[in-house]
Amino acid sequence: MEFAELIKTPRVDNVVLHRPFYPAVEGTLCLTGHHLILSSRRQDDAEELWLLHSNIDSIEKRFVGSLGTIIIKCKDLRIIQLDIPGMEECLNIASSIEALSTLDSVTLMYPFFYRPMFEVVEDGWRSFLPEQEFELLSSITDEWRISCINKEFSVCPSYPPVVIVPKSIDDEALRKVAMFRHSSRFPVLSYYHKKNGMVMMRSSQPLTGTNGRRCKEDEKLINATLRAGKRGYIIDTRSLNVAQQARAKGGGFEQEAHYPQWRRIHKSIERFNILQESLIKLVEACNDQSHNMDRWLSKLEASNWLTHVKEILTAACLAAQCIDREGASVLVHGTEGTDSTLQVTSLAQIILDPRCRTIRGFESLVVREWLQAGHPFQQRCAQSAYSNSKQKWEAPVFLLFLDCVWQILRQFPCSFEFSEHFLIMLFEHAYASQFGTFLGNNENERSKLKLQQKTMSLWSWVNRPQELSKYKNPLFEANSLVIWPSVAPQSLQLWEGVFLRWNRSSKFLDEAYEEMVTLIEYNKQLKAKVNALRRKLAELETDDQMQENA
Amino acid sequence: MAASARGSRETCGGAGLPRANGGAEAGPRAVGARRGEAVTAAAMEHITTPKVENVKLLDRYTNRKATNGTLYLTATHLIYVDASAEVRKETWILHHHIATVEKLPLTTAGCPLLIHCKNFHVAHFVIGQERDCHEVYTSLLKLSQPVKPEDLYAFSYNPKMSKDNREIGWKLIDLKVDYQRMGIPNDYWEITDANKDYEVCNTYPPEIVVPRAANKATVIGSSRFRSRGRIPVLSYLYKENNAAICRCSQPLSGFSARCLEDEQMLQAIREANPGSPFMYVVDTRPKLNAMANRAAGKGYENEDNYDNIRFKFIGIENIHVMRNSLQKLLEVCETKSPSMSDFLTGLENSGWLRHIKAVMDAGVFLAKAVKDEKASVLVHCSDGWDRTAQVCSLASLLLDPFYRTFKGFMVLIEKEWIAMGHKFSHRCGHLDGDPKEVSPVFTQFIECVWQLMQQFPCTFEFNERFLLEIHDHVYSCQFGNFLGTCHKEREDLKIFEKTHSLWPFLLQKKQEFRNPLYRGFTAYKELQPNTLPFSFQFWCGMYNRFDKGMHPKQCVLDHLLSCMSQKTKLEDNASELENKLPFLDGPLTTEACSLSKMGSGSSKTPMLNTPQDYEGEPAPVLTNGSMVWDINVMSDVDQKNKENLSKHQDLRDLKDTVGVLDSEAKDASAALISSEN
């Protein structure tokens, strides 16, 4: 086993663990291939820490005499400290953690070794298939078809094997369109708005270049989504300036001359290292408890995190508005169509489609619009806020999406079947998990890794009733309406559940949540009781009547 | 649903203000007449144009078509009736709530009139004729700030209540009972009437609590050495360990003066807490301010002159800094479509949350000194009626769960603010007076309480709306409690004979103001709030309270309140049905048992431990039907209708929101048209 080579000291006694809100614990530290484990010698086993190596973002070590201290910063933003007696032990442990938390081969990751301790009722890998999605769609409209053109991932490596496209466009045309779009990400259906038959499509940028290349099939494809005499909107998630500059590198945007029925709107959403730096600054600000009020507010402002939240939500509202209010179809893209595009299309669906606000529907949305749509999770979520590596492709794109969902949830607390805990759980699993769901960068890679055969799906675990109950929103009352969030700065807040989670005790807030659940549950039971009593009374009355009649 | 009833009309000045039912059958003037209010001649003579038609009311946050309607001026309110809406919609603005009225430059649409209210409502009217606008403008200037106290609303407000009931209302809060609750009088403390003729201090109440060891000579002597005679008196006694919070004004120490009696007074306070060898003396001002005062013969205690005191400055800024800070905050809140950066930078530059944190930190310091160090604390600022009131009342709130109940909170405000001479009249600008005396000192206290509610959602018996309602009435002058500057002045104004007390009216609406998550009186004792900067939030519900588009579109509080009333109804139903069913099957019975057990466990009886249990409704004082705010228990039929109702509600809200998507999204249609490059 290769891991053994990386673990020079598998076990150290008398290690002291410091973590937020708990008293320090002394115990034995063990390293396994995938976990860092601390267990105290107390009989009741109460104090135990199991930490996935893959959850470790960075470590620091310090020495005072022969007492070493390792500070472990996790991807879920927690910071813990281990005091390890013995310099050699400490150095060994530190280097092992460093090596084990940065394994470069995906197949060495924990999901390939994890053996579930629960009974799989429903295989999550088969819970959300594009075919099912299409079946649903074809019961409403026959204007779309399922295309298997990408069966072998031969046309577009970051697309799933099957995609939904306008019926009138054949595979041959699709092949041509793929040549005209960045990374071959031709326009596909993202969302069909039942209410008025309008659609949202997504793609990557067109490869117009400096000399204004055009592609008739591309024009035909997107025009096929328009009703006669109607216009559509193209939402470009880059500023006009950036989009224009992209032409020099062969990219570009749809020229109005070639797409006369489309209006283009530019909504600038930041990408990559700008987002990563924003996260790093925000977490730094939240963790520094020496700030006074002015410093805190100015750090919060300077991180720009909430600015990004506002920008993304604004673009999503715009897309939703075009569809629901203007009665127009929409095409969304940025450069690759794997990041800001997906933020916009998935949030617009949460605004428009009540199904996406249920647990099942939200899972399906994450599968469709993020996993199958080819958001490169492995690249984006390799490191979190404490990373020192400045890899250009790391970015908290998915976390920003979850933050935006939380903002909408906060404004419509009764319209979501799931609670904040569900979003936090997804954040954790996107960065480090025992499940294979978020491994790989696209379906192609996942298929090569044989994740379906070799790992367990997150959904298999989450969707069991006993697990699911943890994530249910007690306030939920199905709301079939479109929900328009406010994007005024006064309406947006720092997501405390993630960013202050390890910096302040949530005891009193948790108690409030429990109190709310108790009140609502008690009412439900009362209702059931009253109904049962009523039935009983009615039965007795009929019995009486029958006796009288007899 | 309560929410939709409330939402259908923007009644400014809170639910406590009298309102017309339905409105359709009676015009606003008739409403006043029906209430039988004595419309004062003084008010009427300011009204030259009682009714103006074709007035538009602009919404600050949406580009919706402006409404068109009629504006009425009554003796007490400005009322705007929206004629363009299908459902009659009225906006009521109490004259006393108006902070500023501005006439803006004439536009093609007419003459804009911008009204800023003290409860942070901003109304932007456009009046067709400039002459009308000017007349409304001059009337409002006079009506909003009367010159004579007799012209305040409280003296004409007549809720048709008997004289007896009015008097009972004033007796609802008895501070002596609160001192008894603390165990006073006891071996160390006594209630003295030394100030019965306001000889010691004319801004203190007639009865004050001082150490038993301090004799009359000490009291009088100390009063001569304290600014405005505001001697050290007890604010709160922490029974568990005898540590006390006392309050006073600054000593007239100058650079070297001292006063034996004052030193004896402090010694008496320290010795009233035998468990601690020392006491804290806390000056809530920034050190520089306190030092500057020395030049004027005032200043702070010299540690060398007083035995065993630990002197400490806590830098809370003065009323002028606070006034300017609020002004800046409101400018930020009013900015049209600010970016996130604009908003956060503006919030920072206003300094508002910094000041809130400073007040909170001071309250926490006091509570810790008393509870953890078991030391008594004497608190003062300059006069001891602004910062001192904030800090003492916050510390009490942190230490004693009683003050977190309805009754306790009323007692706290009566005790630390009203009785001890916080100059509400000046700070709130009730009358035409010096604008430099106006300052949001009480608003800051209310906000600190709200910040505590955010951190400890189960510890307060009341909810945010209760705070907003009190805040409204501090400015409304509808009730006598907050008139004048001190007890003596209120006596001179005869407010106890001529006006009504606010508290019984609030208690009557307890259902609306209760906190559904309250865990009861005994669940939590002392609170230790986190005062790191990130623990403080911007209070949108206060400063952008009337910009509904910014608030969460579904209200958890409403949801839980309706759960509470549903619960009562269901419990009644269940027991009624159980009575009808003499013979129950086994399983049902056990279910019923376990349920009723759970019910009693979660039912709240917070008042049981307090000397005055008044869980029951406050007597017949308020059985005046029109005043009662019923939350209708949702019947099964209502339940069925609810979906339709809420759908309606959401559709309406939706209209609000679409426009609120900030400038860019808000102008979506415009952008859609003009964005083609």
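Residues numbered from 1 in each chain as written. Chains lettered and ligands numbered in written order. Predicted model: local features only at pLDDT ≥ 70, side-chain atom pairs only at ≥ 80, totals over all residues. Heavy atoms only, no water.

S.K.: Lay out the overall build of chain A in plain terms, naming residues and giving numbers.
M.R.: When you go through chain A residue by residue, the secondary structure sums to 20 helices and 14 strands. Its C-alpha atoms give chain A a radius of gyration of 26 Å, within 12% of the compact-globule value 24 Å for 550 residues. Dimensions of chain A along its principal axes, counting C-alpha atoms only, are 95 × 75 × 50 Å. By the burial criterion, 61% of the 550 residues in chain A qualify as buried. (Helix = DSSP H or I, 4+ residues; strand = E, 2+ residues; numbered from the N terminus. Rg over C-alpha atoms; globule rule 2.2 N^0.38 Å. Buried < 20%, exposed > 50% of the residue type's maximum accessible area, 1.4 Å probe, protein only.)

S.K.: Describe in detail the UniProt feature "domain: Myotubularin phosphatase" (unreviewed entry) in chain A, supporting the description with residues and values.
M.R.: Here, UniProt's "domain: Myotubularin phosphatase" (unreviewed entry) annotation points to residues 124–499 of chain A. The span residues 124–499 of chain A carries 43% helix and 9% strand; its end-to-end C-alpha distance comes to 29 Å. (UniProt positions renumbered as here; feature names shortened; annotations may be inferred.)

S.K.: How would you explain the domain arrangement of chain A if you had to name every residue and give the values?
M.R.: Residue and element names in this part refer to chain A. Under the domain assignment, chain A is made up of domain 1 (3–103), domain 2 (185–504) and domain 3 (508–549). At the interface, 14 residues of domain 1 touch 22 residues of domain 2. The largest contributions to the domain 1 side of the interface with domain 2 come from Asp57, Lys75 and Leu77, which together make up 45% of the buried area. Where domain 1 touches domain 2, the interface holds zero salt bridges. At the boundary of domain 1 with domain 2, the tally comes to ten residue pairs in polar contact (both at pLDDT 80 or more). (Domains from an automatic or database assignment. Contact = heavy atoms within 4.5 Å. Buried area = accessible area lost by both parts, 1.4 Å probe. Salt bridge = Lys/Arg side-chain N within 4 Å of Asp/Glu carboxyl O. Polar contact = N/O pair within 3.5 Å; in protein donor to acceptor, adjacent residues only side chain to side chain.)

S.K.: Give a description of helix H4 (residues 171–180) of chain A that names residues and reports values.
M.R.: All names here are of chain A. Ala173, Leu174, Val177, Ala178 and Phe180 are the residues of H4 that are buried. For H4, the angular spread of buried residues about the axis comes to 155 degrees, placing them on one side. Contacts made by the buried residues of H4 are with strand E8 (144–147), strand E9 (163–166) and helix H5 (216–223). (Arc of directions from axis to C-beta.)

S.K.: Can you break down the interface of chain A and chain B residue by residue, with the values?
M.R.: Tallying the contact residues gives 80 residues for chain A and 82 residues for chain B. For the chain A face of the interface with chain B, the top three residues by lost area are Met293, Gln490 and Tyr522 of chain A, together amounting to 11%. For the pair chain A and chain B, the interface holds five salt bridges. With a closest N to O distance of 2.6 Å, arginine 519 of chain B and glutamate 515 of chain A form a salt bridge. In this assembly, chain A and chain B are joined by 16 residue pairs in polar contact (both at pLDDT 80 or more). At the level of elements, strand E13 (262–266), helix H8 (293–303), helix H9 (305–324), helix H13 (397–411) and helix H20 (507–549) of chain A are the ones that each hand at least two residues to the side of chain A that touches chain B. With 23 residues, the top contributor of residues to the side of chain A that touches chain B is H20 of chain A.

S.K.: A description of unusual backbone geometry should follow, citing residues and the corresponding values.
M.R.: Along the chain, isoleucine 184 of chain B connects to proline 185 of chain B via a cis peptide bond; the corresponding omega equals 5 degrees. Its location among the elements puts proline 185 of chain B in the loop between helix H6 (175–181) and strand E9 (189–192). The backbone of phenylalanine 272 of chain A sits at a positive phi, close to 45 degrees, despite the residue not being glycine. Within the secondary structure, phenylalanine 272 of chain A sits in helix H7 (residues 272–287). A positive phi is found at lysine 374 of chain B, a non-glycine position, where the angle reads about 55 degrees.

S.K.: For the sheet that holds strand E2 (residues 22–31) of chain A, give the residues involved together with the corresponding values.
M.R.: Residue and element names in this part refer to chain A. Here we have seven strands laid out as an open sheet, ordered E4-E3-E2-E1-E7-E6-E5, and antiparallel in their pairing. In this open sheet, the two edge strands, each paired with only one partner strand, are strand E4 (48–52) and strand E5 (56–64). On average, each strand axis in the sheet is inclined to that of its neighbour by 30 degrees, with strand direction left out of account. Across six bridges, strand E1 (residues 11–19) lies against E2 in antiparallel orientation. Among the inter-strand pairings, leucine 17 is bridged to a residue of E2, identified as valine 25. Across the face of the sheet, helix H2 (residues 87–100) comes into contact with E1, E2, strand E3 (35–40), E5, strand E6 (67–74) and strand E7 (79–85) while running at roughly 165 degrees to E5. (Pairing = 2+ DSSP bridges. Axes fitted to C-alpha atoms, helices over the stretch in contact; angles between N-to-C directions.)

S.K.: How would you explain the packing of aromatic side chains if you had to name every residue and give the values?
M.R.: All names here are of chain A. The full count for this structure, using the stated rule, is 59 aromatic pairs over all chains. Centroid distance tryptophan 406 to tryptophan 495: 5.9 Å. Interplanar angle 20 degrees. Geometry classified as stacked. A residue pair is termed long-range when its members are at least 10 positions apart, and tryptophan 406 in helix H13 and tryptophan 495 in the loop between helix H18 (465–468) and helix H19 (496–499) qualify at 89 residues. Each member of the pair tryptophan 406 and tryptophan 495 is classed as buried. (Phe/Tyr/Trp six-rings, centres within 6.5 Å; stacked < 30°, edge-to-face > 60°.)

S.K.: Explain the UniProt feature "active site" (unreviewed entry) in chain B to me, using residue names and the numbers behind them.
M.R.: Residue and element names in this part refer to chain B. Feature annotation in UniProt assigns "active site" (unreviewed entry) to the following positions: Cys381. Of note, cysteine 381 is situated in the loop between strand E15 (376–380) and helix H13 (387–399). On the basis of relative accessible area, cysteine 381 is assigned to the buried category, the value being 2%. Apart from the residues lying within four places of it in its own chain, the contact partners of cysteine 381 are Cys248, Ser249, Gln250, Asp283, Thr284, Arg285, Asp386, Arg387 and Thr388.

S.K.: How would you sum up the nonpolar core? Please name residues and give values.
M.R.: Counting residues in hydrophobic clusters, the biggest one holds 240 residues, and the most contacted among them are Phe362, Leu426 and Phe499 of chain A together with Phe409, Ile470, Trp503 and Tyr543 of chain B. When sequence neighbours within four positions are dropped, the list of residues in contact with isoleucine 470 of chain B reads Phe409, Ile413, Phe442, Ile446, Phe482, Trp503 and Leu506 of chain B. (Core = buried A, V, L, I, M, F, W, Y, C linked by side-chain atoms within 4.5 Å.)

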